[in-house]
Amino acid sequence: MRSLPLTLVARLLPVAVLAAAGVAMTTSDDSDTSATPAGPSPQTSAPATGAAAPRYAKPPEEACTVLPESMIKNLVPGAKPAGNELKSSDLNRRTGCSWHALDDFDYRWLDIAYDVKSVAGKGKQKSEGGSAVPGLGDDASVTEKTTDDDDQGIREAVVTVHQDNATVTVTYNGGDFESHKAADSDDIRKGAIDAAKKALAALDG
């Protein structure tokens, strides 16, 4: 009987993977939620008249429902549409969901993560690295990489979108565990961008 490569075994440990994702989400910069002293501060001035309020009050409460079921079936064949909710210590700021499955020997992983800050950014935020994705949010970029562990190729695309006080991050990767080849570059890149567009639209309901 054919044994699966160590890379696949490691990727199919959802508890460990989701725990790591939760840590990543809960250890992000919380500078905007730092404690403030009780009572008025002499240095604090009233907000300027007409100052724009943040566009988003919080991320989607049910992040696992923001992508159409047809998209999940297309991007992650064999995955349960319900997905796996990414844990966060502050659901009023961070939510997310992931889907992963092995369809025959074809493996795919997709996750989306939301981070909504309490104040809007000053001017457009810029993503570092990667290539720009025009027409998506205030600013968006996609980075791509291919890894080759234990003779198994995995191709990954990460799309980061900034819009007002929200950041949406989509990670999509995959490979063929029979041929040991990484998934097609165009498929992974396009899939990540398409998922990011749907995830961003969900912020506006």
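In this text the structure is predicted, and so the values were computed from the model without any measurement.

## What to know about the overall build of the protein
Tallying secondary structure elements over the protein gives four helices and seven strands in all. A burial count over the protein gives 39% of its 205 residues as buried. Of the contacts formed within the protein by residues at least 6 apart in sequence, a portion of 62% connects residues at least 24 apart.

## Brief notes about the layout of surface pockets
Taken as a whole, the second largest pocket encloses approximately 180 Å³ of empty space. Forming the boundary of the second largest pocket are Met71, Asn74, Leu75, Pro77, Asp106, Arg108, Tyr172, Asp187, Ile188, Lys190, Gly191 and Asp194. Every element with two or more residues in the lining of the second largest pocket is listed here: α3 (69–75), β3 (106–116) and α4 (185–201). If you tally residues by element for the lining of the second largest pocket, the top one is α4, at five residues. Partitioning the lining of the second largest pocket into residue classes produces five nonpolar, two polar and five charged.

## What to know about the state of the cysteines
Counting across every chain of the model gives one disulfide. Across the disulfide, Cys64 is cross-linked to Cys97 (sulfur-sulfur distance 2.0 Å). In this structure the cystine formed by Cys64 and Cys97 twists about its S-S bond by roughly 100 degrees; its chirality is therefore right-handed. With Cys64 in the loop between α2 (14–26) and α3 and Cys97 in strand β2 (residues 94–103), this pair connects stretches of sequence that are 33 residues apart. No difference in accessibility class separates Cys64 from Cys97, as the two residues are buried.

## Description of the pattern of salt bridges
A full pass over the atoms with the stated rule returns nine salt bridges. Arg93 is the salt-bridge partner of Asp115, the closest N and O atoms lying 2.7 Å from each other. On the criterion of sequence distance, the pair formed by Asp115 in strand β3 and Arg93 in the loop between β1 (84–85) and β2 is long-range, its members being 22 residues apart. Its relative accessible area of 16% is what places Asp115 among the buried residues. By relative accessible area, Arg93 is classed as buried at 2%.

## Side note on the sheet that holds strand β4 (residues 131–132)
Sheet architecture is open: seven strands sit in the order β1-β2-β3-β7-β6-β5-β4, paired in antiparallel fashion. Every interior strand has two partners, whereas the edge strands, β1 and β4, have only one. Against the sheet, α4 touches β3, β4, β5 (139–149), β6 (152–163) and β7 (166–176), its axis set at about 30 degrees to β6.

## Focus on a negative patch on the surface
Negative charge collects at one region of the surface, where Asp148, Asp149, Asp150 and Asp151 lie side by side. Among the structural elements, Asp150 can be located in the loop between β5 and β6.

## A word on the side chain of His162
Structurally, the position occupied by His162 is in strand β6. Under the relative-accessibility criterion, His162 is labelled buried at 10%. Looking at His162, its side chain comes within polar contact range of the side chain of Thr167, at 3.2 Å.

## A look at the nonpolar core
Trp99, Leu110, Val159 and Val170 are the most contacted members of the largest nonpolar core, which totals 37 residues. Residue assignment for this core shows that the elements contributing at least two residues are α3, β2, β3, β5, β6, β7 and α4. It is α4 that provides the largest number of residues to this core, a total of seven residues. Not counting residues within four places of it along the chain, the set of residues in contact with Val170 comprises Leu110, Asp111, Ile112, Ala157, Val158, Val159, Ala192, Ala195 and Ala196. Core analysis: the next-biggest nonpolar cluster, separate from the first, contains five residues, Phe105, Tyr107, Trp109 and Phe177 among them.

## So, α4
Each full turn of the α-helix corresponds to 3.6 residues, which orients residues three or four apart in the same direction. If you check α4, its first and last C-alpha atoms are 25 Å apart, about what 17 residues at 1.5 Å a residue would give, namely 24 Å. All of the buried residues along α4 are Ile188, Gly191, Ala192, Ile193, Ala195, Ala196, Ala199 and Leu200. Residue Asp184 occupies the N-cap position of α4, its side-chain oxygen lying 3.1 Å from the main-chain nitrogen of Asp186.

What counts and what doesn't
- Residues numbered from 1 in each chain as written.
- Predicted model: local features only at pLDDT ≥ 70, side-chain atom pairs only at ≥ 80, totals over all residues.
- Heavy atoms only, no water.
- Helix = DSSP H or I, 4+ residues; strand = E, 2+ residues; numbered from the N terminus.
- Buried < 20%, exposed > 50% of the residue type's maximum accessible area, 1.4 Å probe, protein only.
- Contact = heavy atoms within 4.5 Å.
- 1 Å grid on protein atoms, 1.4 Å probe; cavity = no way out; pocket = protein on both sides within 12 Å on 5 of 7 lines; lining within 4 Å.
- Points joined across faces, edges and corners; volume = space filled by probe spheres on them.
- Nonpolar A, V, L, I, M, F, W, Y, C, P; charged D, E, K, R; others polar.
- Disulfide = S-S within 2.5 Å.
- Salt bridge = Lys/Arg side-chain N within 4 Å of Asp/Glu carboxyl O.
- Pairing = 2+ DSSP bridges.
- Axes fitted to C-alpha atoms, helices over the stretch in contact; angles between N-to-C directions.
- Patch = residues over 30% accessible without salt bridge, like charges linked within 9 Å, V, L, I, M, F, W, Y side chains within 5 Å.
- Areas by Shrake-Rupley, 256 points an atom, 1.4 Å probe, with all protein chains shown as cover.
- Lys, Arg positive; Asp, Glu negative; His and termini not counted.
- Charge placed at Lys NZ, Arg CZ, Asp CG, Glu CD.
- Polar contact = N/O pair within 3.5 Å; in protein donor to acceptor, adjacent residues only side chain to side chain.
- Core = buried A, V, L, I, M, F, W, Y, C linked by side-chain atoms within 4.5 Å.
- Expected span 1.5 Å × (residues − 1).

Coordinates in, geometry out; function isn't part of it.
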